[in-house]
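What follows is each chain in one-letter form.
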Amino acid sequence: MENILYLIIGLSIILFFLLIILAIVIIKTSKISRDKNLRRCPTCGQILEPEWNRCPFCAEDKKENLIDKRIPDLEPIGYILVKSGNERGNIYKISKNRIKIGSGDFNDIVIKDKNVLPEHCEIELRDKKFYIKDLNSEGKTKVNGKIISESELKENDEIIISNYVFTLKVLE
């Protein structure tokens, strides 16, 4: 009788471990099938949203094919890519010498965030160089992690406003 009890306990333990292994295999298999459905940029590996036909993170594809419906079709002089925040994946054309960023609806780039001022900052093209100017947000505008009041912007610089991260892409 005692041997049967040990046999049942042993089989129960083996069955328990087999169920755990089966659960792990099922979880891994479902993750692999989910990952197969994700599109990734072949250059930077970022996950691409289904509606994106270009990677906004590395601008791998030709810049002239990037389209944003909020700014009229003028020849762009650069792009602002939204890398994080609620607008992640959006691409804004820079089609004029000065654009404003803020929470007010009158801005060229509108950020609906309680930590963003109505007129937060502006980006300006002067002498073929881009500059960013903080508009009295008291240190809430950063470029590459550093608080700025005004700074020159270069290709791929990161502009940080609240929990939003933007990247500048310059057309020559």
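Reading guide: rules and limits
- Residues numbered from 1 in each chain as written.
- Predicted model: local features only at pLDDT ≥ 70, side-chain atom pairs only at ≥ 80, totals over all residues.
- Heavy atoms only, no water.
- Buried < 20%, exposed > 50% of the residue type's maximum accessible area, 1.4 Å probe, protein only.
- Helix = DSSP H or I, 4+ residues; strand = E, 2+ residues; numbered from the N terminus.
- Pairing = 2+ DSSP bridges.
- pLDDT = per-residue confidence, 0-100.
- Contact = heavy atoms within 4.5 Å.

(A) Molecular detail of the pairing of strand β4 (residues 91-94). Along β4, one buried face is formed by I91 and K93 and the opposite face, lined by Y92 and I94, is buried too. In this structure, strand β3 (residues 78-84) lies alongside β4, joined through four bridges in antiparallel fashion. What sits directly across from G78, in β4, is I94. Connecting β3 to the next strand, β4, in antiparallel fashion are six residues, including G85 with a positive phi near 110°.

(B) A look at the confidence of the model for the protein chain. Averaged over every residue, the pLDDT of the protein chain is 80; residues scoring 70 or more account for 80%. Low pLDDT, under 50, characterises residues 60-72; the stretch is placed with 26 contacts to residues that sit more than four places away or in other chains.

(C) Inspection of unusual backbone geometry at higher detail. With a phi angle near 50°, D127 is a residue other than glycine that sits in the positive phi range. Relative to the helices and strands, D127 resides in the loop between β7 (121-126) and β8 (129-134). Of the residues examined, D127 reaches a relative accessible area of 74% and is grouped as exposed. Located in the positive-phi region is N156, a residue other than glycine, with phi close to 70°. The topology assignment puts N156 in the loop between β11 (150-153) and β12 (158-161). In this structure N156 comes out as partly exposed when scored by relative accessible area, which is 40%.

(D) Quick look at the side chain of E122. Along the chain, E122 turns up in strand β7. We classify E122 as buried; its relative accessible area is 9%. The contacts of E122, once residues within four sequence positions are left out, are R98, I99, K100, Y131, I132, K133 and L135.

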